[in-house]
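Here are the chains, one letter per residue:
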Amino acid sequence: MCGIFGCVLKEGNAAPIIHTSLKRLEYRGYDSVGIATLNNKEIQIKKDQGKIDEVHQRLDLNNLEGNIGIGHTRWATHGAPLKINSHPHTDCKGDIVVVHNGIIENFLELKAELQNLGHTFVSKTDTEVMAHLIEETQKQNPKLTFEQTVLESLKRIEGSYAFAILSTQEPNKIICARNESPLVIGINNQGVFCASDVPAFLSVTNQAVMINNGELVILTAEGYEIKKISDASPITRTPITIEWTPEMAVKQGYPHFMIKEIHEQPQVLRNTLRIQDHYLDLLCTFLDRANEVFLVACGTSYHACLAASYMFSKLAYLPTYPVYASEFLEQHGKSVNIDSTILAVSQSGETADTIAAVACAQQRAATVLSLTNVIGSTLTRISRVYIGTQAGPEIGVAATKTFTSQLSVLAQLALKLAKKRGKISQDEIDCLEEKLQELPNVVDTIVTTQEEKIKQLAKKYSDSKIFFFLGRGISTATAFEGRLKLMEIAYIPAIAFPAGESKHGPISLVEDGFPVVFVCPKDDTHKTTISNIMEMKARGAHIIAIIEEGDQDIKNLAEDYIEVPKDIPAVLSPIPYSVPLQLLAYYTAVEKGYDPDMPRNLAKSVTVK
Ligand code: M6R
């Protein structure tokens, strides 16, 4: 997730407005920033790595001439947060300049093709291909207008994008285009604006035009024209009045970041499915070679590791050891060695316990691989190979979209490894890959159909003094995560353990009305889970079950249930089954009057041991 902005003014310099607007988009990414303006057919660019204020101090982002310009605030997905990878990106001659939010899936093929035609690339980004592609299209079809050239080029682009593009060929316009990544136009009597999001221009206008997938927009000082990318046919759409306050706009109308981030999960999962194969292959090569694999993390990221240990074992027949990072040194510090591989998982890439575990492993010559949401973080700098989880900045302290994105990447890794090691049949792999592709829509369905019901459940149970969260198999990880979410934001003590452990102690706590959340997908553990539900019911527990749609056996037993669409393979189940638990925690916290975005005593990134 990045933020893009552009404006064409009737008069005056665009750069100060772009700078201010990018500040309002900083919540979308903040590892690098850049602005390009067009003045007398000359493109001027200022860009660098760092937060907007830091870069402004160094470069004076307001000091660029021209009434037309584009800007970008970055959250790295391809290429580290370095000056060369900061947007805007240009073609070979510096006549075309592009900012982009999204992921170009086929950039490696396009890059190779353009390099063969003599184009020189300076960055590691996917975005730069667009600038060179436009340049090449123009070279091969010199009679095309700027707009026609962009339309032709877009036909070659696969993936998600919101682009804003300038060209010296027609220096009075910005061309924008959208597929999956958000794009909105603002308009007032000073000029026209394009942005990833309304807050960018809300202080200058509340007149906005929403752009849909498959649309291209031409901005000039006089106004805007919308066209279909497929056939260039015109689309008429008049502005709407935005009633949000700037604060509400940053949260896109949601009351908290946490619920916004829960709702973002379908799109985040789509992004994670766009991770280039060669990154996954590289990681798999190291995992395959390892004598022992430790999955090291804290908190929610540890729960992703726990789920991954089931995925690796069931799909790739690879035993792995999930370890709390804070325990790694004591537990494995002496035995880890050159034949060990550590896969560290961390949203922030800065968690002190995780970094300390990695440093210990490194000292003993182990191989360090990682998964993180923050490219450029300490973890990416000390890992041999890393993959970005593509979730965009997460502001709520409670991890939600970063958890499901970690699970999606880990599932893709497990599948790749299964293929490489030949452990399961091709049919099974094909079926799992298909199911993985369906998950964004499945999560969308859960949020759309179950949210209201979960809100009511939160009301019903918000006065409970304690909860159990139980599951079997991989659902143990889901249960652990559901418990952490409820505890950290709604401050209700909760206990989670594999359901089979009940009879070894915890069941002694159960009495009349005791709420027990069961995570029960219809997998191999279903029958035994039913027995565990019966045990609990016999002691008076109230069962809240997360079940597969239409699971009558459990519906008959549970006081309350939340339904998840059918036919989710067990190894993928933590992704959709954790979503109702995130919602339950969120609405319980809200019901109790707590701020779920800023739970007491907690920080988003824990940089102390
Ligand atoms: O940035 P990390 O993934 O390394 O953070 C690990 C934990 O601190 C984090 O998951 C924490 O447990 C969250 N508050 C959970 O919602």
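Quick look at the structure, then. All values reported here derive from a predicted model rather than from experimental measurement.

Section: the pairing of strand β9 (residues 184-188)
Alright, step 1. Among the five residues of β9, five are classified as buried, and the element is accordingly described as predominantly covered.
Alright, step 2. Of the two faces of β9, the one holding Val 184, Gly 186 and Asn 188 and the one holding Ile 185 and Ile 187 are both buried throughout.
Alright, step 3. Both β9 and strand β10 (residues 191-195) contribute to a ladder of five bridges, which runs antiparallel. The partner of Ile 187 across the bridge, within β10, is Val 192.
Alright, step 4. What sits between the antiparallel neighbours β9 and β10 is a turn of two residues.

Observations regarding the nonpolar core
Alright, step 1. Formed by 87 residues in total, the largest nonpolar core has its most connected members in Phe 312, Leu 343, Leu 413, Phe 467 and Phe 469.
Alright, step 2. Each of two domains, domain 2 (253-424) and domain 3 (443-601), supplies a minimum of three residues to this core.
Alright, step 3. Aside from chain neighbours lying at most four places away, what touches Leu 343 is Leu 283, Phe 294, Leu 295, Val 296, Phe 312, Leu 369, Ser 370, Leu 371, Leu 410 and Leu 413.
Alright, step 4. Core analysis: the second largest hydrophobic core is formed by 28 residues, Ala 14, Leu 61, Val 184 and Phe 201 among them.

Thoughts on the environment of Thr 120
Alright, step 1. Relative to the assigned elements, Thr 120 resides in the loop between α3 (107-116) and α4 (128-140).
Alright, step 2. Take Thr 120: its relative accessible area is 53%, and that puts it in the exposed class.
Alright, step 3. It is 35 Å that separates the C-alpha atoms of Thr 120 and Leu 415, two residues lying 295 residues apart in sequence.
Alright, step 4. Excluding residues that lie within four positions of it along the chain, Thr 120 makes contacts with Cys 92, Glu 128 and His 132.

Considering the site of the ligand
Alright, step 1. Taken together, 15 residues surround the ligand, and among them Ser 301, Ser 346, Gln 347, Thr 351 and Glu 488 come closest.
Alright, step 2. At 2.8 Å from an oxygen atom of the ligand is found a main-chain nitrogen or oxygen belonging to Ala 399.
Alright, step 3. Contact distances for the ligand include 3.0 Å between an oxygen atom and a side-chain N or O atom of Lys 485.
Alright, step 4. Relative to its free-state accessible area of 410 Å², the ligand is covered by the protein chains to the extent of 91%.
Alright, step 5. Every element with two or more residues in the shell around the ligand is listed here: α10 (299-316) and α16 (475-490).

Quick look at the side chain of Thr 372
Alright, step 1. Relative to the helices and strands, Thr 372 resides in strand β19 (residues 367-372).
Alright, step 2. We classify Thr 372 as buried; its relative accessible area is 1%.
Alright, step 3. A polar contact of 3.1 Å, which involves the side chain of Thr 372, links it to the backbone oxygen of Gln 347.
Alright, step 4. Polar side-chain contacts of Thr 372 include one of 3.2 Å to the backbone nitrogen of Val 374.
Alright, step 5. Not counting residues up to four positions away in its chain, the partners in contact with Thr 372 are Ser 346, Gln 347, Ser 348, Gly 349, Ser 377, Leu 379, Thr 380, Ile 387, Gly 388 and Thr 389.

Things to note about the sheet that holds strand β7 (residues 159-167)
Alright, step 1. In space, the seven strands of this open sheet follow the order β5-β6-β7-β8-β12-β13-β14, with antiparallel pairing throughout. The open sheet has two edge strands, β5 (89-90) and β14 (234-235), and neither has a second partner.
Alright, step 2. Bridging between β5 and strand β6 (residues 96-104) involves two bridges; their strand directions are antiparallel. Note that in β6 the partner of His 89 across the bridge is Val 98.
Alright, step 3. On top of the sheet, α4 reaches β5, β6 and β7; it is set at about 125° to β6, its chief contact.
Alright, step 4. Strand contacts of helix α5 (residues 146-154): β7, β8 (174-179), β12 (215-220) and β13 (223-228), with the helix running at about 155° to β7, the strand carrying the most contacts.

Digging into α4
Residues spaced three or four apart along an α-helix point in a common direction, a consequence of the helix completing one turn every 3.6 residues.
Alright, step 1. Relative to the 18 Å expected for 13 residues at 1.5 Å per residue, α4 spans 19 Å between its end C-alpha atoms, a close match to the ideal helical length.
Alright, step 2. Most of α4 sits inside the fold, with 11 of its 13 residues counted as buried.
Alright, step 3. Within the span of α4, buried status applies to Glu 128, Val 129, Met 130, Ala 131, His 132, Leu 133, Ile 134, Glu 135, Glu 136, Thr 137 and Gln 138.
Alright, step 4. The inward-facing, buried residues of α4 abut β5, β6, α3, α5 and β7.

Considering the pattern of salt bridges
Two side chains with opposite charge may pair up if their charged atoms get near one another.
Alright, step 1. In the structure shown here, the tally under the stated rule is 26 salt bridges.
Alright, step 2. A salt bridge links Glu 147 to Lys 227; the shortest N-O distance between them is 2.9 Å. In this pair, Glu 147 is assigned in helix α5 and Lys 227 in strand β13, connecting sequence segments 80 residues apart. There is no split in this pair, since Glu 147 and Lys 227 are both buried.
Alright, step 3. With a shortest N-O distance of 2.7 Å, Lys 173 and Glu 170 are connected by a salt bridge.
Alright, step 4. Lys 173 sits in the buried class, given a relative accessible area of 15%.
Alright, step 5. Salt bridges sharing partners connect three or more residues here, namely Lys 23, Glu 26 and Asp 53.

With respect to the environment of Thr 404
Alright, step 1. Tracing the backbone through its elements, the reader meets Thr 404 in helix α14 (residues 401-421).
Alright, step 2. For Thr 404, a relative accessible area of 0% puts it in the buried group.
Alright, step 3. Once residues lying within four places of it in the same chain are set aside, the contact partners of Thr 404 are Gln 265, Leu 269, Ile 575, Ser 578 and Gln 582.

So, unusual backbone geometry
Alright, step 1. Looking along the chain, the bond that leaves His 87 and enters Pro 88 is cis, with omega of 0°.
Alright, step 2. Take Pro 88: it is sitting in the loop between β4 (68-74) and β5.
Alright, step 3. Residue Tyr 491 is not a glycine yet carries a positive backbone phi of 55°.
Alright, step 4. Considering the arrangement of structural elements, one finds Tyr 491 in the loop between α16 and β22 (494-498).
Alright, step 5. The phi dihedral of Asp 567 falls on the positive side, at around 60°, and the residue is not glycine.
Alright, step 6. Within the fold, Asp 567 resides in the loop between β25 (560-564) and α19 (574-591).

Some remarks on the environment of Phe 467
Alright, step 1. With respect to the secondary-structure elements, Phe 467 resides in strand β21 (residues 467-471).
Alright, step 2. By relative accessible area, Phe 467 is classed as buried at 2%.
Alright, step 3. Residues Phe 467 and Asp 427, 40 residues apart in the sequence, show an inter-C-alpha distance of 40 Å.
Alright, step 4. In this view, Phe 467 contacts Tyr 461, Leu 486, Ile 492, Pro 493, Ala 494, Ile 495, Phe 514, Pro 515, Val 517 and Ile 544; residues no more than four positions away in its chain are not counted.

What counts, and where the lines are drawn
Residues numbered from 1 in each chain as written. Predicted model: local features only at pLDDT ≥ 70, side-chain atom pairs only at ≥ 80, totals over all residues. Heavy atoms only, no water. Buried < 20%, exposed > 50% of the residue type's maximum accessible area, 1.4 Å probe, protein only. Helix = DSSP H or I, 4+ residues; strand = E, 2+ residues; numbered from the N terminus. Pairing = 2+ DSSP bridges. Core = buried A, V, L, I, M, F, W, Y, C linked by side-chain atoms within 4.5 Å. Domains from an automatic or database assignment. Contact = heavy atoms within 4.5 Å. Near = heavy atom within 4 Å. Polar contact = N/O pair within 3.5 Å; in protein donor to acceptor, adjacent residues only side chain to side chain. Areas by Shrake-Rupley, 256 points an atom, 1.4 Å probe, with all protein chains shown as cover. Axes fitted to C-alpha atoms, helices over the stretch in contact; angles between N-to-C directions. Expected span 1.5 Å × (residues − 1). Salt bridge = Lys/Arg side-chain N within 4 Å of Asp/Glu carboxyl O.

That is the geometry; function is a separate question.
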